[in-house]
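Residue-level structural notes
What follows is each chain in one-letter form.
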Amino acid sequence: MLEPLRQGLPPIDPSAASGSATCTLPARYEAVGGARQFTRSTLTGWGLSERFDDVALVVSELVTNALRHALPADLPRDAQDPPVRLHLMRWTSRLVCAVRDPSQASPVASEAADSAESGRGLFLVESFSDSWGWHPSPALGAESGAALRGKVVWALFRLSEPA
């Protein structure tokens with residue numbers, strides 16, 4: 001899952017991660033608030049409260065995009081939907097937010113009209129994080145015997161080195 005994050009950055013040693021947390025989110029728009037709460041409590045526990053505003057904005061956009069674009073629109077949004085998962089991973093010098101969803105479609109940054117009320121999510125992700133990207137995920141739902149594939153959309157935040 002971390003291989004794409006290595007492009008253009010010093011190597012990440014997965015065993016050097018100082019923290020990792022995962023949250024499964026229901027397929028409802030109310031899950032965005034839950035994702036922000038999960039992010040706040042996780043960052044507070046890691047001593048990164050000062051990064052909350054930027055990270056929460058990016059998490060909100062990634063989760064909203066997953067709910068809006070990655071889940072089938074013609075199906076009721078209930079517990080039977082494939083889950084959206086938020087992963088937060090911390091190393092000494094970086095924090096990664098990754099949202100896993102069941103769609104294999106690539107995220108597309110679009111130009112929103114000035115009067116549009118939506119359509120700027122990936123622009124905000126790009127603006128508030130140090131880098132972002134996506135890649136196909138490993139089999140999703142394998143624990144239930146299914147082998148659904150999806151994608152992971154991630155955003156990386158550089159952290160200041162401890163003094």
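Our subject is the structure that appears above.
In short, a report on the structure. The model shown is predicted, which means the values in this text are computed figures rather than measured ones.

Conventions adopted
Residues numbered from 1 in each chain as written. Predicted model: local features only at pLDDT ≥ 70, side-chain atom pairs only at ≥ 80, totals over all residues. Heavy atoms only, no water. Helix = DSSP H or I, 4+ residues; strand = E, 2+ residues; numbered from the N terminus. Buried < 20%, exposed > 50% of the residue type's maximum accessible area, 1.4 Å probe, protein only. Contact = heavy atoms within 4.5 Å. Areas by Shrake-Rupley, 256 points an atom, 1.4 Å probe, with all protein chains shown as cover. Salt bridge = Lys/Arg side-chain N within 4 Å of Asp/Glu carboxyl O. Pairing = 2+ DSSP bridges. Polar contact = N/O pair within 3.5 Å; in protein donor to acceptor, adjacent residues only side chain to side chain. Axes fitted to C-alpha atoms, helices over the stretch in contact; angles between N-to-C directions.

Turning next to the overall build of the protein chain. A tally of regular secondary structure across the protein chain gives three helices and five strands. Its helices and strands taken in sequence order, the protein chain reads β-α-α-β-β-α-β-β from the N to the C terminus. Residues classed as buried in the protein chain amount to 44% of the 163 residues present. In the protein chain, the proportion of contacts linking residues at least 24 apart, taken out of those at least 6 apart, comes to 67%. In the form shown here, the protein chain has an accessible surface area of approximately 8800 Å², with 52% of it arising from carbon and sulfur atoms.

With the rule as written, the count across this model stands at two salt bridges. A salt bridge links arginine 28 to glutamate 30, with the nearest nitrogen and oxygen atoms 3.6 Å apart. When its relative accessible area of 59% is taken as the criterion, glutamate 30 is described as exposed.

Alternating residues of strand S1 (residues 19–25) divide into Gly19, Ala21, Cys23 and Leu25, all buried, and Ser20, Thr22 and Thr24, none buried. Here S1 runs beside strand S2 (residues 84–90); their pairing, made up of seven bridges, is antiparallel. Note that in S2 the partner of threonine 22 across the bridge is histidine 87.

So, about the side chain of threonine 64. Secondary-structure assignment places threonine 64 in helix H2 (residues 52–70). On the accessibility criterion, threonine 64 (16% relative accessible area) is buried. A distance of 2.7 Å separates a polar atom in the side chain of threonine 64 from the backbone oxygen of serine 60. Ignoring any residue separated from it by four or fewer positions in sequence, one finds threonine 64 in contact with Tyr29 and Val32.

Here we take up the sheet that holds strand S4 (residues 131–136). The antiparallel open sheet is built from five strands, whose spatial order is S1-S2-S3-S5-S4. Strands with a single pairing partner mark the edges of an open sheet, and in this sheet they are S1 and S4. The mean inter-strand angle of the sheet, taken between neighbouring strand axes irrespective of direction, is 15°. Across six bridges, the pairing between S2 and strand S3 (residues 94–101) is antiparallel. Bridging across to S3, arginine 85 finds its partner in arginine 100. Along the sheet, H2 contacts S1, S2, S3 and strand S5 (151–158); its crossing angle with S3, the most-contacted strand, is approximately 15°.

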